[in-house]
Amino acid sequence: MTSEALSTLAADVAAAVSTPYVPPVQEPDVVAVAGFKGGVGKSRTAKELAAIFQAVLTDFEWDWGGVTRGWGYLEETRQKAPLLEAFRSGRTPKPLSGQGRKPDLIPGHTDFERNQPKAEVVAESLTRWSQELKRRLVVDTHPGGSESTYGAMAAARVTVVPVVLGDDELRALEGLLRTLTDYPLLLIPYKIGRSPAAWALDELERLAVEYKAHVGPAVSNYSWIPNRRTRTPICASPPSARTANFVSEMQAVAEAVDRYGR
Ligand SMILES: Nc1ncnc2c1ncn2[C@@H]1O[C@H](COP(=O)(O)OP(=O)(O)OP(=O)(O)O)[C@@H](O)[C@H]1O
Ligand SMILES: [Mg+2]
């Protein structure tokens, strides 16, 4: 029922939003994951998409809750700060190898908040890194708007926005859509329960149509995900009885990302 209602919603939005902004295709490309609300699933989505695409996970978060520490990279044990160094020197960073178990990583840094360059520099750098590394980048961003987030979104062929169907979250989404008109956005209904409220579905549809954003496949709410302590992405291991549904939902998101604008 839930998935039916959401696929109908996505199809209705696609029919109404005939002319979303589509940037020129670049190969390889940059995919951003962003949102104005904290805790909605940006980092989980970025990590899983990077695993599915075998892309370089690029971390623009400066808090400890992001993908970098979750990957096992502890900045206090390291001499260098690859992200800060890359922007300081203008040189392309060398991703850390995940040894095929985890995505290769350009780690984030707590000092990035104070050291982030202007959006234009961030956008130009990400595009160049992707071309020089000959790899797709999946960029996880800090919650809210900041120069690095705007830069990542400017470089991205598509920005994935996980959307939790709550009142605060939908208001935050409207804030993002109003601020960032004409960006290529794919809204992913995220942490969806068995029966999402009709008002929330209506509001999502209204926002998507009004601001010309596409709605992609939904990802359900899984009570076991917050308790998961392994560093490998869920989609990097063979699906188990517990994970199979999440893996197939995330693969559907990855397909929608691939198809976006093509
Ligand atoms: N599909 C899901 N179902 C249930 N819980 C989830 C799901 N995806 C992520 N979570 C949990 O939700 C919380 C927030 O997820 P995550 O860190 O990915 O969000 P975020 O948007 O990156 O947060 P922040 O804004 O702080 O960067 C975490 O506890 C995470 O384990
Ligand atoms: Mg995060």
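Residues numbered from 1 in each chain as written. Chains lettered and ligands numbered in written order. Predicted model: local features only at pLDDT ≥ 70, side-chain atom pairs only at ≥ 80, totals over all residues.

### So, the site of ligand 1
Among the 16 residues in the neighbourhood of ligand 1, the closest are listed as G38, K42, S43, R44 and P143. Looking at the shell around ligand 1 element by element, the count peaks at three residues for helix 2 (residues 42–53). Considered class by class, the residues forming the shell around ligand 1 number six nonpolar, six polar and four charged. (Near = placed C-beta within 6 Å. Helix = DSSP H or I, 4+ residues; strand = E, 2+ residues; numbered from the N terminus. Nonpolar A, V, L, I, M, F, W, Y, C, P; charged D, E, K, R; others polar.)

### Observations concerning the nonpolar core
L49, V138, A152 and I188 are the most contacted members of the largest nonpolar core, which has 75 residues in total. Sequence-distant contacts of I188, defined by excluding residues within four places in its chain, comprise T45, V160, V161, P162, V163, G216, A218, V219 and V253. (Core = buried A, V, L, I, M, F, W, Y, C linked by C-beta atoms within 7 Å. Buried ≥ 20, exposed ≤ 12 C-beta atoms within 10 Å, placed from the backbone. Contact = placed C-beta atoms within 7 Å.)

### Remarks on the packing of helix 8 (residues 167–179) against helix 9 (residues 198–210)
Orientation of helix 8 relative to helix 9, taken along the N-to-C sense of each, is 0 degrees, at an axis distance of 11 Å. Considered as vectors, helix 8 and helix 9 are oriented roughly parallel to each other. Residues L170, L173, E174 and L177 of helix 8 form the contact with helix 9, whose participating residues are A200, E203, L204 and L207. Here the residues of the contact of helix 8 with helix 9 are counted per class, giving six nonpolar, no polar and two charged. (Axes fitted to C-alpha atoms, helices over the stretch in contact; angles between N-to-C directions. Parallel < 35°, antiparallel > 145°, perpendicular 65-115°, else oblique.)

### Side note on unusual backbone geometry
The phi torsion of most residues other than glycine is negative, and most of the peptide bonds are trans. The backbone of Q99 sits at a positive phi, close to 55 degrees, despite the residue not being glycine. Within the fold, Q99 resides in the loop between helix 4 (82–89) and strand 3 (105–106). Owing to 7 C-beta atoms within 10 Å, Q99 belongs among the exposed residues under this scheme. Even without being a glycine, K212 presents a positive backbone phi close to 55 degrees. Tracing the chain through its elements places K212 in the loop between helix 9 and strand 7 (214–215). The class for K212 is partly exposed, based on 19 C-beta atoms found within 10 Å.

### Structural notes on the packing of helix 6 (residues 119–133) against helix 7 (residues 147–155)
The contact between helix 6 and helix 7 brings their axes to 7 Å, and the two run at 45 degrees. The orientation of helix 6 with respect to helix 7, classified from their angle, is oblique. By crossing handedness, the relation of helix 6 to helix 7 is classed as right-handed. Of the residues in helix 7, those touching helix 6 at A119, E120, V121, V122, A123, L126 and T127 are E147, S148, Y150, G151, A152, A154 and A155. A breakdown of the residues in the contact of helix 6 with helix 7 according to their chemical character gives nine nonpolar, three polar and two charged. (Left-handed = near helix turned anticlockwise from the far one by under 90°.)

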